[in-house]
Amino acid sequence: MSSKLIKQAIQQVSALDEIASSKNDGVKTKQKKKTATHTSVNVERGSLLESSVESILLFDNAFSNRSSSANTSLNQRQKVIGKKKSKKVQEPLGNSRSSSSIYARKAHVPTFNKKRHMSQKKIKDLKELARMLKRDKK
């Protein structure tokens, strides 16, 4: 509960007390004697009201702290679940019907590049030729 709600609750209680006191004004004397004891109840009611407001504030703080910690733990759980799901997608089971759909959804990744292979082969051949020429010079 916020402080606005608590203030509204206090105003409503005070309004009810005013209504109750206005009804007691037109009552017989016997009932007026009862109102004398009622003032002590009003004092107790005030202390009860203060204690109830304090308890409401205490619960409000406790619930707000719990909800924030619950939100963080929920976010952590969702991250873990997301990581588990992504791992499942990356590891196909084999050559089964269900795994073939996983392969179909993946983007094509080239495994062999002819141009790169040719350039590496030329470099390798040139290094080998240079090594042979070194041996021949000795």
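Each chain has its residues counted from 1, running along the sequence as written. Selection of residues for local features in this predicted model requires a pLDDT of at least 70, selection of side-chain atom pairs for listing and counting requires 80 or more, and totals for whole chains, interfaces and linings are taken over all residues. For side-chain calculations, the full set of non-hydrogen atoms in the structure is used, while hydrogens and water are omitted.

Now for the overall build of the protein chain. Along its length, the protein chain carries four helices and zero strands. Reading the protein chain from its N end, one meets helices and strands in the order α-α-α-α. Expressed as a percentage of its 138 residues, the buried residues of the protein chain come to 4%. Helix numbers and strand numbers start at the N terminus; a helix is a DSSP run of H or I with at least 4 residues, a strand a run of E with at least 2. For the exposure calls, accessible area comes from a 1.4 Å probe over protein chains only, and a residue counts as buried if that area is under 20% of its type's maximum, exposed if over 50%, partly exposed in between.

Surface patches are defined over residues having more than 30% relative accessible area and no salt bridge, joining like charges when they lie within 9 Å and nonpolar side chains (Val, Leu, Ile, Met, Phe, Trp, Tyr) when within 5 Å. Under the convention used here, a 1.4 Å probe and the Shrake-Rupley method define accessible areas, while residue burial counts only the protein chains that appear. Just to be clear on terms, a salt bridge is a Lys or Arg side-chain nitrogen sitting within 4 Å of an Asp or Glu carboxyl oxygen. Side chains of Leu126, Leu129 and Leu133 sit close together on the surface and give an oily, nonpolar patch of about 300 Å² of accessible area. Its place among the elements puts Leu133 in helix α4 (residues 114–137). We classify Leu133 as partly exposed; its relative accessible area is 49%.

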